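Here are the chains, one letter per residue:
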Amino acid sequence: MKSMHYGKKRGMRVGALALALACTACGTRPVYEEEQFKKDSPYQRTYATGEQEACDAALRALLSQGYRIDEAKETTIHAHKEFQPEEELNAVLDFSVICKAADRGATVFVNAIETRYKLKKVSGGASVSVGGGGISLPWSKSADSLVKVSSTTVTEKKFYKQFFDLVASFLPK
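Given the structure is predicted, the values throughout are model-derived calculations rather than measurements. (Residues numbered from 1 in each chain as written. Predicted model: local features only at pLDDT ≥ 70, side-chain atom pairs only at ≥ 80, totals over all residues. Heavy atoms only, no water.)

Chemist: I keep staring at the overall build of the chain and nothing clicks. Help me out?
Modeler: From N to C terminus, the chain includes three helices and six strands. Element order for the chain, N to C, with α for helix and β for strand: α-β-α-β-β-β-β-β-α. Taking all 173 residues of the chain together, 18% fall into the buried category. Put simply, of all contacts in the chain between residues at least 6 apart along the chain, 54% involve residues at least 24 apart. By element, 55% of the accessible surface of the chain is carried by carbon and sulfur atoms, the whole surface being about 13000 Å². (Helix = DSSP H or I, 4+ residues; strand = E, 2+ residues; numbered from the N terminus. Buried < 20%, exposed > 50% of the residue type's maximum accessible area, 1.4 Å probe, protein only. Contact = heavy atoms within 4.5 Å. Areas by Shrake-Rupley, 256 points an atom, 1.4 Å probe, with all protein chains shown as cover.)

Chemist: Can you help me understand the state of the cysteines in this one?
Modeler: Defined simply, a disulfide is a covalent bond joining two cysteines at their sulfur atoms. Here the structure, examined in full by the defined rule, presents one disulfide. Across the disulfide, C55 is cross-linked to C99 (sulfur-sulfur distance 2.1 Å). Taking the torsion about the sulfur-sulfur bond, which here is approximately 100°, the covalent link between C55 and C99 counts as right-handed. Pair noted here: C55 is in helix α2 (residues 51–64) and C99 is in strand β4 (residues 89–102), with a separation of 44 residues, a long-range link. (Disulfide = S-S within 2.5 Å.)

Chemist: I'm lost on unusual backbone geometry in this one. Help?
Modeler: Most peptide bonds are trans, and most residues other than glycine sit at a negative phi. Despite not being glycine, F37 shows a phi value in the positive range, around 50°. On the secondary structure map, F37 appears in the loop between α1 (2–23) and β1 (44–47).

Chemist: Looking at this model, I keep getting lost on the pairing of β4. Mind explaining?
Modeler: On any regular strand, side chains alternate: one points to one face of the sheet, the next to the other face. Pairing of strand β3 (residues 76–86) with β4 involves nine bridges; the strand directions are antiparallel. Bridging across to β4, H78 finds its partner in S96. Between β3 and β4, which pair antiparallel in sequence order, lie two residues. (Pairing = 2+ DSSP bridges.)

Chemist: Any chance you could explain the packing of α2 against helix α3 (residues 157–169) here in plain terms?
Modeler: Helix packing for two helices is described by the angle between their axes and how far apart those axes are. Look at α2 against α3: their axes get within 8 Å of each other, and the N-to-C directions meet at 115°. If you check the angle between α2 and α3, you find them roughly perpendicular. Seen from above, α2 lies across α3 with right-handed handedness. Across from A54, A57, A58, A61, L62 and S64 in α2, the residues of α3 making contact are F163, L166 and V167. (Axes fitted to C-alpha atoms, helices over the stretch in contact; angles between N-to-C directions. Parallel < 35°, antiparallel > 145°, perpendicular 65-115°, else oblique. Left-handed = near helix turned anticlockwise from the far one by under 90°.)

Chemist: What's the story with the environment of D94 in this structure? I'm lost.
Modeler: When you line up the elements, D94 lands in strand β4. With 26 residues separating them along the chain, D94 and R68 place their C-alpha atoms 9.6 Å apart.

Chemist: Can you walk me through α3 in this structure?
Modeler: Residues separated by three or four positions in an α-helix point in the same direction, a consequence of the helix having 3.6 residues per turn. Its 13 residues place the ends of α3 19 Å apart at the C-alpha level, agreeing with the 18 Å of an ideal helix rising 1.5 Å per residue. Along α3, the residues that are buried comprise Y160, F163, F164 and V167. The buried residues of α3 all sit within an arc of 95° when viewed along its axis, so they share a single face. (Expected span 1.5 Å × (residues − 1). Arc of directions from axis to C-beta.)

Chemist: What is the right way to look at the packing of aromatic side chains in this model?
Modeler: Centre distance and the angle of the planes are the two values used to describe a pair of aromatic rings. Following the criterion strictly, the structure yields six aromatic pairs and no others. Each ring, one from Y43 and one from Y160, has its centre 5.0 Å from the other, and the planes form 70°; the classification is edge-to-face. With a gap of 117 residues between them, Y43 in the loop between α1 and β1 and Y160 in helix α3 connect regions that are remote in the sequence. Owing to a relative accessible area of 0%, Y160 belongs among the buried residues under this scheme. Aromatic pair F95 and F163: ring centres 5.0 Å apart, planes at 45°, arrangement tilted. Linking F95 in strand β4 with F163 in helix α3, this pair joins segments that are 68 residues apart in sequence. (Phe/Tyr/Trp six-rings, centres within 6.5 Å; stacked < 30°, edge-to-face > 60°.)

Chemist: Looking at this structure, how should I read the pattern of salt bridges?
Modeler: Think of it this way: side chains of opposite charge can pair up when their charged atoms draw near. Under the definition given, this model contains seven salt bridges. Of the charged contacts in the structure, one is a salt bridge between R45 and D165, with a shortest N-O distance of 2.9 Å. A residue pair is termed long-range when its members are at least 10 positions apart, and R45 in strand β1 and D165 in helix α3 qualify at 120 residues. By relative accessible area, R45 is classed as partly exposed at 27%. Residues K73 and E71 are paired through a salt bridge, measuring 3.2 Å at the closest nitrogen-oxygen approach. Judged by relative accessible area, E71 falls into the partly exposed class, the value being 32%. Each of R29, E33 and E34 takes part in one network of salt bridges that share partners. (Salt bridge = Lys/Arg side-chain N within 4 Å of Asp/Glu carboxyl O.)

This is how it looks when you write it as C-alpha cells:
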C-alpha cells in the first residue's frame, strides 16, 4: 500500500514539473502582438508607371546587385543572394516582389527574409574485424552540414529605401 501511495505522489510531482516546464514558454509574448499594420510601410513604394514596367525595373535592380532570380513573372519576382559573413556561417537573403496597379501608377511591394545557417560538424567512427579475430581496422567518418539557426524579416527602412531608389533609376524617364 505504501508503494502505491509513493507512486501517486511521484506521478503528481512529475506532472507538476512537466506543467511548470511547459509554462516557461507562457511568459514569452507572441510575436503577433508587436505587429502594428501601419499605413506608412517601408515595404512599399508607388511609381508613376505601369505594374509591368515597375516589376521590370525591380528585376533589373536585383540583377544589378548579383541576386539569383528563382522566379520572374509579369508582376512577381522571387530572388535570393547568398553570403558568408563568417567562416562557419552562411546567410541567404530571399527577396519577394509584387507589383500591383495603383491610382497613379503601380505600387511595388517588397519583402526580404534573412536566413542564417551554421556549419555543424558531426563525426562518427566504425570498425571492421577481419575473420579469425585480432585485426580491427578503424574508420573515421565526418560529415559537415548547414543547420538553420535563424530566419527573420528584414525591417530596416534604409535597406528598403536603397532598393526602391535603385528601382526608380531603372524606370523609363
